[in-house]
Amino acid sequence: MTLIAIDLGTTNSLVSVFEEDGPVLIPNALGDFLTPSAVGLNKANEVIVGAEAKDRLVTHPDRTYARFKRYMGTNRDFRLGRKTYRAEELSAMVLRSLKDDAERHLGKPVERAIISVPAYFNDVQRKATYAAGKMAGLQIERLINEPTAAALAYGLNTLSDENTFLVIDLGGGTFDVSILEIFDGIMEVRSSAGDAFLGGEDFTDSIVKEFGAQKKIDLSSLSPKSMGLLRDLADRAKRELSSKEEVGVKFKLGEEQIPLTLTRAKFDEITRPLIEKLRQPIKRAISDAGLKADGIDRVVLVGGATRMPIVRQNVTKLLGLFPEHKIDPDQVVALGAAVQAGLVDRHEALEDVVMTDVCPFTLGTDVSRKLGEGRYDHGAFQPIIERNTVIPVSRVATNHAMEIGQQNVSISIFQGESPRVKDNVFLGKIDVALPKKQEHHEAIDIRFTYDVSGILEVLVTVLSTQKTSRMILEGNPGSLSQEEIEKRFKALEKLKIHPKDKSENAAVIARLERAYENQLGHVREEISFRLSQFMTVLEGQKDTDIKIARDELMKWLDGIESMDIF
Ligand code: AMP
């Protein structure tokens, strides 16, 4: 029975297999190794997965989801058309798509898989990953910690001496640092630290702000679509700056094309605060493992955002070691998971010790901010215990009532990794009365205590009176039962999935539509013309003609998308 390995990522997923010569990646129907972990519904209400869905995040944000991995094991629902799904089911759709790709590529059925998960995933999240595999019709042979997989890809398991590795994973939205130790063929995660609110996207945001400042564009007045376009351009500029000293892009705003430029030096300057934030978790992971920087033997880089030269330089400076980056940081986990698959098939699998005594989700409250007289921003998330913190843990935050004389405050408690509470999971609410007579904005301490059994205690103290209110919450609501998994598996099997052979064409159409939004004038007209032409070729239903037209369009799109102003 064929065994594949899957890196089920927050932004992208990959599938690989162990062949005679070693681990190899399997391309998807579009010929790419990276399948965006995005799921949506098309016009015909068929489920679409991957690049086609990702392209529609800008054009159809209400019918598309990405970044759902962070909700694995929670009871959050995602609405797609008339049905709602849990993160496990959306993940199952991605897994099924990867399974199909593997079967097509290998020419035989695939029944078993190894899936990689973050080292800090707790029991609930690991079970949710098993459930997703089952719903995709896969027997999950075992899970492998992502940093362990990265170390395996670099062959660090074959080193004869006892060794300590640091794995730095900077993805789109999250930053994870793990310290691994290998002895007697057992890999153990010694410590893990991270920042749930720090990733490549924050570097993109800095560029968006810089572009806004450069041309005095009021970013808050941009429509969601224009903002989406500007972010796309900023992301492209960021990627190009990893290999160039200067980049230029054109931003279409209304009927205008605005040229924007950025140098590497300016980029380094505007992202300095983010680099500063990167250093903290690295230091924490080292001290939590009871080590000093010179106790680290090797450093491995994972995640697309570690391609930024400024990130590498700072890691080198901080640790006095050159990080390993020979293997593509987007592929390293999938390749390592395939090495594990090879070992499993030979009954030599590397034992990978899991560290489960960490708080799996960020826990916090909602806060409102006063922006000016009578103007408030409600619904920001204030983390109190950050994801990945070793438990038991107790942390306190001090907040102030917004108005003097306010008679009560209502504190809502959330778990999740999004800066806005509406995107996180609501756990409960405490209403607290404030003293009748007040001279100042009343100060309130909110203490969160989280223990190994997943129980969260929230203690709120009004400082002037020392009156307390207490609430106990189950930190991990919503694990699926076996019957529920079975039921959802059957429902997913019946779901209409957009046929694979058509997804290449649909992806080209989605790309053309997105390019149309991004362009003006004659380029726009040309896109529209080429789109109609392609539709006509599709109607002809001749596979070879369709392939020629598609290849030509992709080449043309590559050209206009990389068009810069130099
Ligand atoms: P991941 O979650 O590992 O797929 O990481 C995706 C993040 O890496 C996104 O924020 C990308 O913009 C970023 N990224 C990918 N390639 C590059 C590059 N060449 N230079 C800078 N950032 C990159």
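Residues numbered from 1 in each chain as written. Predicted model: local features only at pLDDT ≥ 70, side-chain atom pairs only at ≥ 80, totals over all residues. Heavy atoms only, no water.

Asker: If you had to explain the sheet that holds strand β6 (residues 47-49) to someone new, which residues and values would you point to?
Answerer: Spatial ordering of the open sheet is given by β6-β5-β7, a layout of three strands whose pairing is antiparallel. On the outer flanks of this sheet lie β6 and β7 (64-66), each paired with one strand and no other. When strand polarity is set aside, the average angle formed by the axes of neighbouring strands in this sheet is 15°. Relative to β6, strand β5 (residues 38-41) runs antiparallel, the two sharing three bridges. Within β6, the residue paired with Val39 across the bridge is Val49. Contacts between helix α2 (residues 87-106) and the sheet are confined to β5, β6 and β7, with β6 contributing the most and set at about 65° to the helix. (Pairing = 2+ DSSP bridges. Helix = DSSP H or I, 4+ residues; strand = E, 2+ residues; numbered from the N terminus. Axes fitted to C-alpha atoms, helices over the stretch in contact; angles between N-to-C directions. Contact = heavy atoms within 4.5 Å.)

Asker: Which residues make up the site of the ligand, and what values do they have?
Answerer: Near the ligand you find 16 residues, and of these Thr11, Asp235, Lys238, Ser242 and Arg307 are the closest. The side chain of Arg239 places a nitrogen or oxygen atom 3.4 Å from an oxygen atom of the ligand. The protein chains hide 88% of the 510 Å² of surface that the ligand would expose on its own. Sorting the residues of the shell around the ligand by element identifies α5 (200-214) and α6 (224-241) as the ones contributing at least two each. At three residues, the largest contribution of residues to the shell around the ligand is made by α6. Among the domains, domain 1 (3-198 + 274-358) and domain 2 (200-272) are the pair contributing at least three residues each to the shell around the ligand. (Near = heavy atom within 4 Å. Polar contact = N/O pair within 3.5 Å; in protein donor to acceptor, adjacent residues only side chain to side chain. Areas by Shrake-Rupley, 256 points an atom, 1.4 Å probe, with all protein chains shown as cover. Domains from an automatic or database assignment.)

Asker: So what's going on with unusual backbone geometry? Which residues, and what values?
Answerer: Positive phi, close to 55°, is recorded for Arg67, a residue that is not glycine. As for its placement among the helices and strands, Arg67 is situated in the loop between β7 and β8 (78-80). The exposure class assigned to Arg67 is partly exposed, which follows from its relative accessible area of 24%. Positive phi values are uncommon outside glycine, yet Gln466 reaches one of about 60°. You can see Gln466 is positioned in the loop between β25 (455-462) and β26 (467-474). (Buried < 20%, exposed > 50% of the residue type's maximum accessible area, 1.4 Å probe, protein only.)

Asker: An account of the pattern of salt bridges is needed here, citing residue identities and associated values.
Answerer: By the definition in use, this model includes 32 salt bridges. A salt bridge links Arg67 to Glu201; the shortest N-O distance between them is 3.7 Å. Taken together, the positions of Arg67 in the loop between β7 and β8 and Glu201 in helix α5 put the pair 134 residues apart, joining distant regions of the chain. Close ionic contact of Lys547 with Asp551 constitutes a salt bridge, the shortest N to O distance being 2.7 Å. Highlighted residues: Lys547 and Asp551, both in helix α14 (residues 543-561), separated by four residues, approximately one helical turn. Given a relative accessible area of 44%, Lys547 falls into the partly exposed group. (Salt bridge = Lys/Arg side-chain N within 4 Å of Asp/Glu carboxyl O.)

Asker: So what's going on with empty space enclosed by the protein? Residues and values would help.
Answerer: Summed over all chains, the structure comprises four cavities of 30 Å³ or more. Looking at the largest cavity, its volume works out to about 90 Å³. In this structure, the largest cavity is lined by 16 residues; those nearest its centre are Glu146, Pro147, Asp169, Asp176 and Ser178. When contributions to the lining of the largest cavity are tallied by element, the ones reaching two or more residues are α4 (146-153), β12 (163-170), β13 (175-183) and β14 (186-195). Of the residues contributing to the lining of the largest cavity, the split by class is ten nonpolar, three polar and three charged. The calculated volume of the second largest cavity comes to roughly 80 Å³. If you trace the second largest cavity, you find it lined by Ile168, Leu170, Phe175, Ile275, Leu278, Arg279, Ile282, Val311, Asn314, Val315 and Leu318. Looking at the lining of the second largest cavity, the elements that each hand over two or more residues are β12, α8 (272-288) and α9 (309-319). Here the lining of the second largest cavity is composed, by residue class, of nine nonpolar, one polar and one charged. (1 Å grid on protein atoms, 1.4 Å probe; cavity = no way out; pocket = protein on both sides within 12 Å on 5 of 7 lines; lining within 4 Å. Points joined across faces, edges and corners; volume = space filled by probe spheres on them. Nonpolar A, V, L, I, M, F, W, Y, C, P; charged D, E, K, R; others polar.)

Asker: Before we move on, can you summarise the domain arrangement of the protein with the specific residues and values?
Answerer: You can read the domains of the protein as domain 1 (3-198 + 274-358), domain 2 (200-272), domain 3 (363-495) and domain 4 (500-561). Each of domain 1 and domain 3 has a C-alpha centre, and these two points are 29 Å apart. With 33 residues of domain 1 at the interface, the matching set in domain 3 holds 29 residues. A combined buried area of about 2,800 Å² lies between domain 1 and domain 3, and 56% of that area is made up of carbon and sulfur atoms. Applying the counting criterion to the domain 1 and domain 3 interface returns one salt bridge. Between Arg488 and Glu89 there is a salt bridge, with the nearest N and O atoms lying 2.6 Å from each other. At the boundary of domain 1 with domain 3, the tally comes to five residue pairs in polar contact (both at pLDDT 80 or more). Secondary-structure elements contributing two or more residues to the side of domain 1 that touches domain 3 are β9 (83-85), α2, α3 (123-135), β13 and β14. (Buried area = accessible area lost by both parts, 1.4 Å probe.)

Asker: So what's going on with a negative patch on the surface? Which residues, and what values?
Answerer: A contiguous patch of negative charge on the surface is contributed by Asp161, Glu162, Asp184 and Asp297. As for its position among the elements, Asp161 is in the loop between α4 and β12. (Patch = residues over 30% accessible without salt bridge, like charges linked within 9 Å, V, L, I, M, F, W, Y side chains within 5 Å. Lys, Arg positive; Asp, Glu negative; His and termini not counted. Charge placed at Lys NZ, Arg CZ, Asp CG, Glu CD.)

Asker: Just give me the short version of the packing of aromatic side chains, but keep the residues and values in it.
Answerer: According to the stated counting rule, one finds five aromatic pairs in the structure shown. A network of ring pairs unites the aromatic residues Tyr65, Tyr71 and Phe78 as a single cluster. The ring of Tyr516 carries the charged tip of Arg524 above its face, separated from the ring centre by 4.3 Å. Sitting over the face of the ring of Trp556, Arg530 holds its NZ or CZ atom 4.1 Å from the ring centroid. (Phe/Tyr/Trp six-rings, centres within 6.5 Å; stacked < 30°, edge-to-face > 60°. Lys NZ or Arg CZ within 6 Å of the ring centre and 35° of its normal.)

Asker: Quick rundown of the packing of α8 against α9? Include the residues and the values.
Answerer: At their nearest, the axes of α8 and α9 sit 11 Å apart, and the two run at 40° to each other. In terms of their interaxial angle, α8 and α9 are classed as oblique. Crossing handedness for the pair α8 and α9: right-handed. In this structure, α8 contributes Ile275, Leu278, Arg279, Ile282, Lys283 and Ile286 to the contact, and α9 contributes Ile310, Val311, Asn314, Leu318 and Leu319. Taken together, the residues of the contact of α8 with α9 break down into eight nonpolar, one polar and two charged. (Parallel < 35°, antiparallel > 145°, perpendicular 65-115°, else oblique. Left-handed = near helix turned anticlockwise from the far one by under 90°.)

Asker: Could you give me a rundown of the side chain of Arg530, with the residues and numbers involved?
Answerer: For Arg530, the location among the structural elements is in helix α13 (residues 521-540). Once residues lying within four places of it in the same chain are set aside, the contact partners of Arg530 are Glu552, Leu553 and Trp556.

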